[in-house]
Amino acid sequence: MRTMAIVRRVFKQMLRDKRTLALMFLAPLLIMTLMYFLFQNNTTQVASLGVHHVDQSVVNVIDTKNVTIHHYDSSQARKMIKQHDLDGYLTQKNGQLMITYSNSNPTNTSLIKASLQSGLVKLKMKTLVTVTKKQRAALESQQAALKKLTAAQTQATVTKLKTAIAQAQARGDQATAEKLQKQLKQATATTSSSTQSAKATSYTTKSHYIYGSSDSTFFESFLPAFLGFFVFFFVFLISGVSLLNERTTGTLSRLLATPIRRSEIIMGYLIGYGGFAIIQTVLTVVFTITVFKIHLVGSIWLVFLTNLLLALVALTLGIFISTFANSEFQMIQFIPLIVVPQIFFAGLVPVDGMASWLQAIAHIMPLYYGANAMTAVVTKGAGLGDIGVNLLILVGFMVVLTMLNIVGMKRYRKV
Amino acid sequence: MATDYVIAKQVSKHFGHQQVLNQIDLTLPAGMIYGLIGPSGAGKTTLIKSILGMEAVDSGTVKVMDTVMPNRAVMAQVGYMAQSDALYETLTARENLTLFGQLMSVPKIKLAQMIDYAAGLVDLTSQLDKRVSGYSGGMKRRLSLAIALIQDPQLLILDEPTVGIDPELRQQIWTELNKLKDTGKSMLVTTHVMDEAERCDYLMLIRHGIALAEGTPAALKQQYAVDTIEQVFLKAGRMQDANDGNR
C-alpha cells in the first residue's frame, strides 16, 4: 500500500533526525517545568515603599509581608523614588496622606495600593473599636444600676406575694394562692432572663471548592490550554517544514511522477506525523500528571483524543500553510501570524468577556475549541457528551484542510 | 499504433506571457533513444512534464502507451529521472529505492532483486546502505537513474541524465541505455552535451519553445551541410534569429 510506504518513510526520517525528535518530545517538558516553577512562586513579590513623616500608627498597620518600608528624610517623592529605586513614596501633610507611585511595575503599584488601603481600613477599625469599647463600658455601668433597681423591686414584689400566699393559704383559699404562686414564678423568671447577656455572633468562613482545591494555582488552570498549544505548535511547525522541504528539494514532484494518489501522500503524512503527535501528547500529559501531581478530574483518554484531533488539525494546517511559503524562513514567519494568536483564544483571557468581533475571531481558531475541551475535561471532568461539539468542529477543520491540501497538490500534477 | 510509446500532437503551453512550447509534435516508437537538445530555458523540461501529465497543456494532446495524458495509472509504466536529484537525503540509497519501488507497485518478492539490478546498472551496489547525504553529486545522479529503472519500465524519460557523471561512467551508462533499447525499451533523453546527442537515434532541436529541426543525427548534419550536431544547432539557431528579425 502506497500510503504505508509514505508512513514508513516519515517514521524513518523522523527517527534519524535526533534534534527534531528532541524538540518535539523534550521541549514541551522543559517549558512545562519552567512554567510550573514560575507560577508557583508568584506570591513572594515584594514592593518597596519610601516613607517620610508619616504617623507611626499608619506605618505600623501597613502589611510588611508584601511591602518593605524605608524611612527617608525628604518630602520630594519623585527624587527619592528615582534615587533609591522605590516603587512608591508616602508622605503626610497635616491629616492628608500623599502617595506617589513609580508605576514602572504595575504589580508592585497594586501591591502597595492594596496594603495601604487595608492598613487604613484596619486603622479605622481600631479607632472604631476603642470608641465602642468606651460606649460599652458606659452602657454596662448603666445596666448594672438598672439591674440593682429591678432586683430590689422584684425582691419587694416577691416578699409581698409570699406574704399574700401565706395569708391565702392560712385562709384556706387555694385558688388565690395558686394564682399568686404563678405571679411569683413570673416575677422570679423576669429577673433570671434579664441576666442573660446578649452574645455577639462572630462569623468564620469555611471554603469548599467544586473544582480543584485551595492549592490550585495559575499553572493548573492554564495547563490544559498549554498542553493543547504545545501539540499544536510543534506539529504545525514540523509537518509544515517537512512538506516544504519535499517541495523545495523536488521530492514531492518526484513522488507525484509515480502512480501515487495525492490523497495517499496526505494520508501518509497524517498517519506518520500523527503517530509522533500521539507519542508527544502521551509523554507530556503523563509527565505533568505524575511529576507535578496535577489533579485530572476527567478521563485521560478524552485528553488524548482531544489532543490527537488538535494535532491532526495542526498537521493539515501546517501542510496547507507551507504551500504559501518558499523557504523554511518564510514558514517560520507564519508562526506569529497563525500560531501565536491562537493562544490568546485558548482560555488565558476569557472569551466571553471579549468584544464581539474578537469573539468571532475566537470561533475560527482551532485551538479555541481544542483548549476549551481540554480545560473542561481536566478541571471539570467533562465527558464525551459535553465536549462532543468541540471535537466535531475540530474534525471539521481537519476534513476541510485535508481536502484543500489534496486539491492544492494539483499544482504539481494534474491528476 | 501500439508500438508508439509517446505521441504528442500540437502541444502548446505558456506561462504568463511567455510561450514555452509552440505546437510541438513528437512521436517516440518502441526501441528508440530520442534526444531533445536545446539551451536551458528552451522548454525541454516543460515538454517532458507535459508528456508525463504533470503539467497541463494549453492545447494539443499527449498520448503515452495509447492513453491520453494526464493519467495516473500510466505513470507506473514510465521511469522518470528529474533534472534535480529529488532524493531523501536522510535515507540510505536502498531505502530510497525501496520507497519508489513500493510506490511503483513493484511486487515485494521482486523488489530486492530489482534493487540489485538497478544499483548494479549504475555501479552503486557497494554503496547501497550509505545515507544519500554522504553521496557525491555524481553518485546522486546515478541513484536517480537507478530509481527510474526500479520497476523495469518500457519507457524511460530522462532529464539531463549524465550531468556530473565522469566520462568513464557516462560511457558505461550509454552502453546500458543501448542494451535497454535492444530489449524494446524506449528512452526520451534531454541533453545539452553535443557528443551525447550524436548517440541518439533521433533528435529534436528545441529553442524558444519551437521545434527547429528533427531527424537522425546523420540526416540533420546532411540537411545543414555541417560536420557536427553542435554546428547544426548553431546554424539552426542563427536561422531562427534571422527569421525573427525579418518579422
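None of the values given here were measured: they were computed from a predicted structure.

Looking at the overall build of chain B
Thinking step 1. When you go through chain B residue by residue, the secondary structure sums to eight helices and ten strands.
Thinking step 2. Relative to the 2.2 N^0.38 estimate, which gives 18 Å for 247 residues, the radius of gyration of chain B is 18 Å and therefore close to what a compact globule would have.
Thinking step 3. Based on the C-alpha atoms only, the size of chain B along its principal axes is roughly 60 × 35 × 35 Å.
Thinking step 4. As displayed, chain B offers around 10,600 Å² of accessible surface, 51% of which is attributable to carbon and sulfur atoms.
Thinking step 5. Computed over 24 positive and 27 negative side-chain charges, the separation of the two mean positions in chain B equals 3 Å.

Here's the deal with the UniProt feature "domain: ABC transporter" (unreviewed entry) in chain B
Thinking step 1. Mapped onto the present numbering, the UniProt feature "domain: ABC transporter" (unreviewed entry) falls on residues 6-233 of chain B.
Thinking step 2. Counted over residues 6-233 of chain B, helix gives 35% and strand 27%. Its end C-alpha atoms are 24 Å apart.

Side note on the sheet that holds strand S2 (residues 18-29) of chain B
Residues and elements named next belong to chain B.
Thinking step 1. Reading across from one edge, S2-S1-S4-S5 is the order of the four strands in this open sheet, with antiparallel pairing throughout. Strands at the two margins of the open sheet, each flanked by one partner only, are S2 and strand S5 (67-68).
Thinking step 2. Relative to S5, strand S4 (residues 59-64) is paired through two bridges, and the arrangement is antiparallel. The residue of S5 that forms the bridge with Lys-63 is Val-68.
Thinking step 3. In this fold helix H1 (residues 44-52) packs onto strand S1 (4-15), S2 and S4, with an angle of close to 60° to the strand it touches most, S2.

Details of the interface of chain B and chain A
Thinking step 1. In this complex, chain B contributes 29 residues to the contact, which on the side of chain A involves 25 residues.
Thinking step 2. Where chain B abuts chain A, roughly 2,600 Å² becomes buried across the two surfaces, and 62% of that area is made up of carbon and sulfur atoms.
Thinking step 3. In this assembly, chain B and chain A are joined by one salt bridge.
Thinking step 4. Glu95(B) is paired through a salt bridge with Arg16(A); the nearest N and O atoms lie 2.6 Å apart.
Thinking step 5. Taken together, the links from chain B to chain A amount to eight residue pairs in polar contact (both at pLDDT 80 or more).

Points about the pattern of salt bridges
All names here are of chain B.
Thinking step 1. According to the stated counting rule, one finds 13 salt bridges over all chains in the structure shown.
Thinking step 2. Note that Asp-85 and Arg-141 form a salt bridge whose closest N and O atoms lie 2.7 Å from each other. Of this pair, Asp-85 sits in the loop between strand S6 (78-81) and helix H2 (93-103) while Arg-141 sits in helix H4 (residues 137-149), and the two are 56 residues apart along the sequence.

Thoughts on unusual backbone geometry
A negative phi holds for most residues other than glycine; trans holds for most peptide bonds.
Thinking step 1. At the junction of Met69(B) and Pro70(B), the peptide bond is cis and its omega measures out at 5° in the coordinates.
Thinking step 2. With respect to the element layout, Pro70(B) can be found in the loop between S5 and S6.
Thinking step 3. Unlike most non-glycine residues, His53(A) shows phi in positive territory, near 55°.
Thinking step 4. Even without a glycine there, the phi angle at Glu160(B) is positive, about 50°.
Thinking step 5. Locating Glu160(B) in the fold gives a position in the loop between strand S7 (155-159) and helix H5 (167-182).
Thinking step 6. Judged by relative accessible area, Glu160(B) falls into the buried class, the value being 6%.

Regarding the UniProt feature "transmembrane region" (unreviewed entry) in chain A
All names here are of chain A.
Thinking step 1. On the UniProt side, "transmembrane region" (unreviewed entry) is annotated at positions that read residues 21-39, 222-244, 265-292, 298-322, 334-358 and 387-407 here.
Thinking step 2. As annotated, residues 222-244 has a helix share of 100% and a strand share of 0%, and its two end C-alpha atoms lie 32 Å apart.
Thinking step 3. For the annotated span residues 298-322, helix accounts for 92% and strand for 0% of the residues, and the straight-line distance between the end C-alpha atoms is 36 Å.

As for the nonpolar core
Thinking step 1. One finds Leu26(B) and Val64(B) to be the most contacted residues of the largest nonpolar core, which totals 173 residues.
Thinking step 2. Counting twelve residues, the second largest nonpolar core, distinct from the first, contains Leu49(A), Val54(A), Val59(A) and Leu111(A).

What about empty space enclosed by the protein?
Residues and elements named next belong to chain A.
Thinking step 1. Under the defined criterion, the tally for this structure stands at three cavities of 30 Å³ or more.
Thinking step 2. Here the largest cavity defines a volume of roughly 60 Å³.
Thinking step 3. Lining the largest cavity, in full, are Leu-223, Pro-224, Leu-227, Val-285, Thr-288, Ile-289, Ile-294, Leu-296, Val-303 and Val-378.
Thinking step 4. For the lining of the largest cavity, the elements supplying multiple residues, two or more each, are helix H7 (218-249) and helix H9 (262-291).
Thinking step 5. Its residues assigned to classes, the lining of the largest cavity comprises nine nonpolar, one polar and no charged.

So, the layout of surface pockets
All names here are of chain A.
Thinking step 1. In this structure, the largest pocket spans a volume of roughly 620 Å³.
Thinking step 2. Elements represented by at least two residues in the lining of the largest pocket include exactly helix H1 (2-16), helix H2 (18-40), H7, H9 and helix H11 (328-348).
Thinking step 3. For the lining of the largest pocket, the leading source of residues is H7, giving seven residues.
Thinking step 4. Each residue belonging to the lining of the largest pocket can be placed in one class, and the counts come to ten nonpolar, seven polar and seven charged.

A short note on a nonpolar patch on the surface
Residue and element names in this part refer to chain A.
Thinking step 1. A surface patch of nonpolar side chains, amounting to about 400 Å² of accessible area, comprises Met-1, Met-4, Met-267 and Ile-271.
Thinking step 2. Checked against the element boundaries, Met-267 lands in helix H9.
Thinking step 3. Note on Met-267: relative accessible area 36%, which makes it partly exposed.

A word on the domain arrangement of chain A
Thinking step 1. What the domain assignment lists for chain A is domain 1 (2-35 + 217-411) and domain 2 (47-191).
Thinking step 2. Placing a centre on the C-alpha atoms of domain 1 of chain A and another on those of domain 2 of chain A gives a separation of 61 Å.

Section: the pairing of strand S3 (residues 33-37) of chain B
Along any regular strand the residues' side chains alternate between the sheet's two faces.
Residue and element names in this part refer to chain B.
Thinking step 1. Of all the five residues making up S3, five are buried; the element is thus mostly covered by neighbouring parts of the structure.
Thinking step 2. The alternating pattern of S3 places Ile-33, Gly-35 and Ile-37 on one face and Tyr-34 and Leu-36 on the opposite face, and all of these are buried.
Thinking step 3. Of the strand pairs in this sheet, S3 and strand S8 (residues 186-191) are connected by five bridges, and their pairing is parallel. If you follow Leu-36 over to S8, its bridge partner there is Thr-190.
Thinking step 4. Two strands pair when backbone bridges link them, and S3 and strand S9 (residues 202-207) are joined in this way by four bridges, in the parallel orientation. Residue pairing in the sheet places Ile-37 in a bridge with Leu-205 of S9.

Some details on the side chain of Asn405(A)
Thinking step 1. As for its position among the elements, Asn405(A) is in helix H14 (residues 384-408).
Thinking step 2. Among all residues touching Asn405(A), those that are not within four sequence positions of it are Ile266(A), Thr316(A), Ile319(A) and Phe320(A).

Looking at the sheet that holds strand S2 (residues 67-71) of chain A
Residues and elements named next belong to chain A.
Thinking step 1. Taken in spatial order, the four strands of this open sheet run S2-S1-S3-S4, and their pairing is mixed. Edge positions in the open sheet fall to S2 and strand S4 (96-101), since each of these has one partner strand only. Strand-to-strand twist of the sheet, defined as the mean angle between neighbouring strand axes without regard to direction, takes the value 25°.
Thinking step 2. The pairing of strand S1 (residues 47-52) with strand S3 (residues 88-93) spans four bridges and is parallel. Following the sheet pairing, His-52 is matched in S3 by Thr-91.
Thinking step 3. Its contacts with the sheet put helix H4 (residues 77-84) on S3 and S4, and the angle it makes with S3 is roughly 150°.
Thinking step 4. The sheet contacts of helix H5 (residues 106-171) involve S1, S2, S3 and S4, and relative to S4 the element is tilted by about 165°.

With respect to the packing of aromatic side chains
For any two aromatic rings, the description comes down to two numbers: the centre-to-centre distance and the angle of the planes.
Thinking step 1. Under the defined criterion, the tally for this structure stands at 17 aromatic pairs over all chains.
Thinking step 2. Where Phe229(A) meets Phe230(A), the ring centres are 6.2 Å apart and the plane angle is 55°; that geometry is what we call tilted.
Thinking step 3. Accessibility expressed as a relative area gives 12% for Phe229(A), which makes it buried.
Thinking step 4. Summarising the aromatic geometry, the rings of Phe229(A) and Phe233(A) are spaced 6.0 Å apart at their centres and angled 25° between planes, so their arrangement reads as stacked. Taken together, the positions of Phe229(A) and Phe233(A), both in helix H7 and four residues apart, correspond to about one turn of that helix. With respect to class, Phe229(A) is no different from Phe233(A); both count as buried.
Thinking step 5. The ring of Phe100(B) carries Arg254(A) above its face, with NZ or CZ at 4.9 Å from the centroid.

Criteria and thresholds
Residues numbered from 1 in each chain as written. Chains lettered and ligands numbered in written order. Predicted model: local features only at pLDDT ≥ 70, side-chain atom pairs only at ≥ 80, totals over all residues. Heavy atoms only, no water. Helix = DSSP H or I, 4+ residues; strand = E, 2+ residues; numbered from the N terminus. Rg over C-alpha atoms; globule rule 2.2 N^0.38 Å. Areas by Shrake-Rupley, 256 points an atom, 1.4 Å probe, with all protein chains shown as cover. Lys, Arg positive; Asp, Glu negative; His and termini not counted. Charge placed at Lys NZ, Arg CZ, Asp CG, Glu CD. UniProt positions renumbered as here; feature names shortened; annotations may be inferred. Pairing = 2+ DSSP bridges. Contact = heavy atoms within 4.5 Å. Axes fitted to C-alpha atoms, helices over the stretch in contact; angles between N-to-C directions. Buried area = accessible area lost by both parts, 1.4 Å probe. Salt bridge = Lys/Arg side-chain N within 4 Å of Asp/Glu carboxyl O. Polar contact = N/O pair within 3.5 Å; in protein donor to acceptor, adjacent residues only side chain to side chain. Buried < 20%, exposed > 50% of the residue type's maximum accessible area, 1.4 Å probe, protein only. Core = buried A, V, L, I, M, F, W, Y, C linked by side-chain atoms within 4.5 Å. 1 Å grid on protein atoms, 1.4 Å probe; cavity = no way out; pocket = protein on both sides within 12 Å on 5 of 7 lines; lining within 4 Å. Points joined across faces, edges and corners; volume = space filled by probe spheres on them. Nonpolar A, V, L, I, M, F, W, Y, C, P; charged D, E, K, R; others polar. Patch = residues over 30% accessible without salt bridge, like charges linked within 9 Å, V, L, I, M, F, W, Y side chains within 5 Å. Domains from an automatic or database assignment. Phe/Tyr/Trp six-rings, centres within 6.5 Å; stacked < 30°, edge-to-face > 60°. Lys NZ or Arg CZ within 6 Å of the ring centre and 35° of its normal.

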